[in-house]
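Close look at the chain arrangement
For reference, the chains in residue letters:
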Amino acid sequence: MIAFMKKVDYLLVGILLFSLGLNFYNLNNAGTNTYYTAAVKSMMQNFHAFFYASFDPEGFITVDKPPVALWIQTLSAKIFGLSDFSVLLPEALAGVISVFLMYILVKPKFGRTAGLLSSLVLACSPIFVAVVRTNNVDSILILTLLIAAWAVMKAVDQKKLGWLILSVTLIGVGFNIKMLQAYMVVPAIYLFYWMAVKLSWKKRLLHLIAATVVLAGVSLSWAVAVDSVPASERPYIGSSQTNSVLELAFGYNGIQRLLGQNKVTKSTGSASTVVQKQDNSSTTNTSNGKTPSNQSAAASGQAQGTQGTAVTDSSSSSNTQAPMGNGAPPNFQGGMEGKMGGGTSGMFGTGTAGPLRLFSSELSGQISWLLPFILFAVIGLFAEFRKTKQFDMHIKFAAFWLAWLIPMMVFFSMAQFFHQYYLSMMGPAIAALVGIGWTVLWNLLKNNEGGWKSGLLPVAILTTILFESLILNQNSQSKILIVGTVIVGVVLYILMMRHMKKENLSPTLPMAALLTLLILPLYWTGITIYKTNNASTPIAGPGSGMGGMGGGARMAGNIGFPGGAGNIAPEGAQGTSGISASGSQTQDGSMTPTTNQDSASIPASAPPNAGKTMDNQNQLNTALLSYLEKNYDGEKYFLATDSTQTAAPYILHTDYSVMAMGGFSGSDPALTPAKLEKMAKAGYVKFFLISGRGGMGGNQSESVTQWIKDNCEEVLSSEWQSSTSSQTQTSFGRFGGETLYVYKD
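Residues numbered from 1 in each chain as written. Predicted model: local features only at pLDDT ≥ 70, side-chain atom pairs only at ≥ 80, totals over all residues. Heavy atoms only, no water.

**Quick look at the sheet that holds strand S8 (residues 658-660)**
Pairing is mixed across the open sheet formed by five strands, whose spatial order is S8-S7-S9-S11-S10. Each edge of the sheet is formed by a strand with only one pairing partner; in this case those strands are S8 and strand S10 (713-714). Where strand S9 (residues 687-690) and strand S11 (residues 739-742) come together, four bridges link them in antiparallel fashion. Bridge pairing in S11 links Ile690 to Thr739. (Pairing = 2+ DSSP bridges. Helix = DSSP H or I, 4+ residues; strand = E, 2+ residues; numbered from the N terminus.)

**Comments concerning unusual backbone geometry**
With a phi angle near 50°, Asn26 is a residue other than glycine that sits in the positive phi range. Note that Asn26 resides in the loop between helix H2 (10-24) and helix H3 (34-43). Residue classification places Asn26 among the partly exposed residues on the basis of a relative accessible area of 31%. Even without being a glycine, Lys159 presents a positive backbone phi close to 55°. (Buried < 20%, exposed > 50% of the residue type's maximum accessible area, 1.4 Å probe, protein only.)

**Details of the pattern of salt bridges**
For the structure shown, the criterion picks out eight salt bridges. As a salt-bridge pair, Lys686 and Asp633 come within 2.6 Å of each other at their nearest N and O atoms. One end of the pair, Lys686, is in the loop between helix H25 (673-681) and S9; the other, Asp633, is in the loop between helix H23 (622-630) and strand S7 (639-641), and 53 residues separate them in sequence. Given a relative accessible area of 14%, Lys686 falls into the buried group. Asp633 gets classed as exposed once you look at its relative accessible area, which sits at 61%. (Salt bridge = Lys/Arg side-chain N within 4 Å of Asp/Glu carboxyl O.)

**A closer look at the packing of aromatic side chains**
Enumeration over the complete set of coordinates arrives at 35 aromatic pairs. An angle of 80° between the planes, with centres 6.3 Å apart, marks the rings of Phe60 and Tyr637 as edge-to-face. With Phe60 in the loop between helix H4 (47-52) and helix H5 (68-80) and Tyr637 in the loop between H23 and S7, this pair connects stretches of sequence that are 577 residues apart. In this pair, the class of Phe60 matches that of Tyr637, namely buried. On the numbers, 5.1 Å between centres and 65° between planes, the contact of Tyr632 with Tyr656 is edge-to-face. Of this pair, Tyr632 sits in the loop between H23 and S7 while Tyr656 sits in the loop between helix H24 (644-653) and S8, and the two are 24 residues apart along the sequence. Tyr632 sits in the partly exposed class, given a relative accessible area of 27%. Taking the relative accessible area as the measure of exposure, Tyr656 reaches 22% and is therefore partly exposed. Members of the aromatic cluster, connected to one another through ring pairs, are Phe47, Phe50, Phe51, Tyr52, Trp71 and Trp222. For Lys154, the ring lying beneath its charged end belongs to Trp163, and the centroid distance is 5.4 Å. Note that Arg257 overlies the ring of Phe417, its terminal NZ or CZ placed 4.2 Å from the centroid. (Phe/Tyr/Trp six-rings, centres within 6.5 Å; stacked < 30°, edge-to-face > 60°. Lys NZ or Arg CZ within 6 Å of the ring centre and 35° of its normal.)

As structure tokens, this is what we get:
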């Protein structure tokens, strides 16, 4: 026992406890991305839904991600019961384990201090903490890739192919967590193995070829298995256009993330109208500013307060509604141009593509705080290499993390379609390079070789603090705080320059200066963990949690999108924003119900905190629920909606299966009129709730909507809407923009 106690690194334990506190503080009230939470509940019902990551229990359509992380969340919910906390638990734990792994990875090559610093930096990284507190799957992905990094280190140390195979197998598992995002670390893995393992070049080449075969096999295993099943025997693949996992992986979740989706933008008043251009079509649904008849309700339901759609008053009869395709969230197809949300630009508020994007107001506060320090660390490494002329393991290990970081920096500087929280992928590399950089720059200072090398650490500290003050200014923080930060940087620089003149240098002052660099990122993280509005597209710092708006922008309202997007109302716009918005909106990307709660039944299987956390995050129309229950005759689908946004609350709060006909955004061509007619005649579905945005998903979705209008009877609103919701409809257009239809054979 005493021997064990001596081996414990108590500073590491302290860092892990610190990370545990940041990740778990008030986690039960942090909220979840209900798109994925509804899928977890469905996956708990049967193996069919579990295997395919089906959004609904009957397996009509899947979510837009592969299943591995959702499998883990489902198992957690099975063990602890479905709740916000049980769904968030695996992600939060994965964040703590990732912090521990940074120590395990860095310590053997650069020592204990570098390992501890790496762990601490990752624990404090604002966007990393933001994402591990949500049920978006990035935290589990990062942990998986860090274990893959550990395995390739073992492969190099032991010169064993098996460890390399394990490494790429884990990357393949990562592909089945978030598809091509996992491959962002492949250059680092392959480059490090090629540079570092002491084998002949022929063996290295053969090993990497074998690893590539395994990587491809593991990555595509689930996709090929699913695509091999006849479409009639499995769910439709959500957010795809051809009902194919492979298309989803390499299209919507692949190349479209880099290149975006074709669109043109036209200014219309204070908002912009996105005119969609489909991959296989050049047609749009706008003509002389008029909306087709089956879209007029859509325009009126979204007109007020929605960025990306025409904004008109209630008396206007001319509304423009763009068709949505390619599985993208409405109003975000291919990106947003120009300023959004009070000073935020670019798609989802990620800024304009270019070499300085990561230093822009939209992204700098998320992950870029310590990038200047890393630049000086690289200069120090280069100086060390020039002196020794040895490309030793220290240099190769640092090159591994640079090969992790630089491709990501290039991608996020260029990409057209991503969210701020994707930047969490950069967190481990930044953390490792800060720990490595401290060791390198401190050694140059301690050795007192004279000249510019000895001054790299003080200059790195000063430059980084000045950059941090710039981030504060970009985000409109207190002038006193900004000026104080600059003063602290200058004082530390002067003290360190004086410190250099001493014969016996102590690391105390330089280490204190380095830790000072973490104060403002930690402040940003502190703001983040106090948010309860950050569930669907998390961002760090004082910006709105759901629009994905960085740079201190304040958004008027937003809705949760899968993996992310927020449908954003510009500041000052009236009403709620976007998709299936009901009632008063909470800031986590979901809604507070506005209807009465006295007549609808909430089953025992609903999450135990329904009515406290999750209920306040869903647009549940309890008057509609009560009406449907009274008229339910045991159909396979309790209700059909045009999108998962409308369906999610009814899946979460009842034991019924709800069919989201158009997938997440209503754009998926999962149904045809002929197929829907067959289902209706077979008694599979009777009620259809069509939102005010009408047929959003191109010609096929519009034809399905039109079939419903032509072949079903409209239910009088007085039969399924409360007086409260009727008033809300007039003001906000959520329930007022919806129509309930019933099929009568």
